[in-house]
Amino acid sequence: MVDAALSPAPVERHRLYEDALAMLLGTLFIALGMMLYTKTTLLTGGVAGAALLLSYVTRLEFGTLFFLVNIPFYALAWKRLGWMFTLRTVIAVGLVTLFSRLTGDWIHIDHIHPVYATVIGGGLFGTGLLMLFRHRTGLGGINILAIYLQERHGVRAGYFQLGVDLAILAAAFFVLAPDQLVLSVVGAAIVNLLLAINHKPGRYLGVS
């Protein structure tokens, strides 16, 4: 007889309201983290960071670049991760875009120390992404590729994203001031270590 304590725990599927709540809170966390970063002129990672960096260099509008860069990743999500994942990701991207615009009206910050903004902003961003990932939702771009590589090839999502983010931040060497660049690297490490530690096979069994 197999010991019940050694039997694998049953996988419980998320309910619709659980997915919706995770998407709402996760995108709110991310939008707040992004606002703290912009207050201290820090650069985020992923496709958002790449699009922001391109907007500095080309003078093109950030929203247009973010949309265009994301198109190939949506196609990958549709083909490899399913239409439900793709739909949830498109909704999440839309919510972050909306909440990023509204958060500045909801919260007014006169001063924030850059180091504190780095730590708490990275923590909010990483926690928000973790909530989305655990409910099979990405945030476009590198998030989609990271989830695909982890699920299909066992590449840890957090470590992969950290490598990509560091490459983007290295390119920002010619745009940001040295202190802003160092803090941006620290912020990227916080975000991705949160994902690497908490989002891995066997750590969480809920599915959407």
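Here is what the cut-offs are and how they apply
Residues numbered from 1 in each chain as written. Predicted model: local features only at pLDDT ≥ 70, side-chain atom pairs only at ≥ 80, totals over all residues. Heavy atoms only, no water. Helix = DSSP H or I, 4+ residues; strand = E, 2+ residues; numbered from the N terminus. Buried < 20%, exposed > 50% of the residue type's maximum accessible area, 1.4 Å probe, protein only. Contact = heavy atoms within 4.5 Å. Areas by Shrake-Rupley, 256 points an atom, 1.4 Å probe, with all protein chains shown as cover. Core = buried A, V, L, I, M, F, W, Y, C linked by side-chain atoms within 4.5 Å. Salt bridge = Lys/Arg side-chain N within 4 Å of Asp/Glu carboxyl O. Lys, Arg positive; Asp, Glu negative; His and termini not counted. Polar contact = N/O pair within 3.5 Å; in protein donor to acceptor, adjacent residues only side chain to side chain. Phe/Tyr/Trp six-rings, centres within 6.5 Å; stacked < 30°, edge-to-face > 60°. Patch = residues over 30% accessible without salt bridge, like charges linked within 9 Å, V, L, I, M, F, W, Y side chains within 5 Å. Expected span 1.5 Å × (residues − 1). Axes fitted to C-alpha atoms, helices over the stretch in contact; angles between N-to-C directions. Parallel < 35°, antiparallel > 145°, perpendicular 65-115°, else oblique. Left-handed = near helix turned anticlockwise from the far one by under 90°. Nonpolar A, V, L, I, M, F, W, Y, C, P; charged D, E, K, R; others polar.

Visitor: Just to check I follow, could you spell out the overall build of the chain for this structure?
Guide: Looking only at helices and strands, the chain features eight helices and zero strands. Along the chain, helices (α) and strands (β) appear in the sequence α-α-α-α-α-α-α-α when read from the amino end. Within the chain, the fraction of its 208 residues that count as buried is 44%. A sequence separation of at least 24 residues applies to 77% of the contacts in the chain between residues at least 6 apart. Carbon and sulfur atoms provide 69% of the accessible area of the chain, an area that totals close to 11300 Å².

Visitor: I would appreciate a short explanation of the nonpolar core in the present structure.
Guide: The nonpolar side chains of a soluble globular protein tend to be buried, and buried together. Core analysis: the largest hydrophobic core is formed by 30 residues, its most contacted members being I30, L129, L139 and I144. Elements with a minimum of two residues in this core: α1 (16–39), α2 (46–58), α3 (62–81), α4 (83–106), α5 (114–133), α6 (142–153) and α8 (178–198). Those residues in contact with I30 that sit more than four places away from it in its chain are V96, L124, F125, G128, L129, L132 and L139. Listed in part, the eight residues of the second largest apolar core include L43, L53, I168 and L169.

Visitor: Before we go on, may I ask you to explain the pattern of salt bridges in this structure?
Guide: When the charged atoms of two side chains lie near each other, side chains of opposite charge can form a pair. Inspection of the entire model under this criterion finds one salt bridge. The shortest N-O distance in the salt bridge between E18 and R15 comes to 3.9 Å.

Visitor: Would you mind showing me how to read the environment of F174 here?
Guide: Tracing the chain through its elements places F174 in the loop between α7 (157–171) and α8. Sequence-wise, F174 and V57 are 117 residues apart; in three dimensions their C-alpha atoms are separated by 9.9 Å.

Visitor: Hey, could you run me through the environment of T44 in this one?
Guide: Mapped onto the elements of the fold, T44 is located in the loop between α1 and α2. We classify T44 as buried; its relative accessible area is 14%. Each C-alpha atom of the pair T44 and G187 lies 7.8 Å from the other, and the pair is 143 residues apart in sequence.

Visitor: Even after reading the chapter, I still don't get the environment of G126, so can you show me in this structure?
Guide: Note that G126 resides in helix α5. For G126, the contacting residues outside a window of four places in its chain are V191, L194 and L195.

Visitor: I would appreciate a short explanation of the side chain of D19 in the present structure.
Guide: Within the fold, D19 resides in helix α1. At 4.6 Å, R88 is the nearest oppositely charged side chain to D19, a buried residue that forms no salt bridge. In this structure the side chain of D19 is engaged in a polar contact, spanning 2.7 Å, whose partner is the side chain of H135.

Visitor: Is there a simple way to think about the packing of aromatic side chains in this case?
Guide: To describe a pair of aromatic rings, one takes the distance between the centres and the angle between the planes. Taken as a whole and judged by the stated rule, the model has two aromatic pairs. Geometrically, the ring pair formed by F99 and W106 is tilted, given 6.1 Å between the ring centres and 45° between the ring planes. Seen from their ring centres, F173 and F174 are 5.4 Å apart, and the 85° between their planes marks the pair as edge-to-face. With a relative accessible area of 54%, F173 lands in the exposed category.

Visitor: Would you take a moment to explain a nonpolar patch on the surface for this structure?
Guide: A cluster of nonpolar side chains, contributed by Y56, V57, F173, F174 and V175, occupies part of the molecular surface with about 560 Å² of accessible area. A relative accessible area of 71% means that F174 is categorised as exposed.

Visitor: Would you mind going over α8 with me for this structure?
Guide: Each turn of an α-helix holds 3.6 residues, which means side chains three or four residues apart point in the same direction. Taking 1.5 Å as the rise per residue, α8 with 21 residues should run 30 Å; its terminal C-alpha atoms sit 31 Å apart, in good agreement. Those residues of α8 that sit buried are Q180, L181, L183, S184, G187, A188, V191, N192, L195 and A196. Packed against the buried residues of α8 are α1, α5 and α7.

Visitor: Can you walk me through α1 in this structure?
Guide: The first and last C-alpha atoms of α1 sit 35 Å apart over 24 residues, in line with the 34 Å expected at 1.5 Å per residue. Buried residues along α1 sit against α4, α5 and α8.

Visitor: Sorry if this is basic, but what is going on with the packing of α2 against α7 here?
Guide: Packed helices, taken two at a time, are described by the angle their axes make and the gap between the axes. Running from N to C, α2 and α7 cross one another at 15°; their axes reach a closest spacing of 9 Å. Judged by the inter-axis angle, α2 sits roughly parallel to α7. Crossing handedness for the pair α2 and α7: left-handed. Together, G46, G49, A50 and L53 of α2 and D165, I168 and A171 of α7 make up the contact between the two elements. Considered class by class, the residues forming the contact of α2 with α7 number four nonpolar, two polar and one charged.

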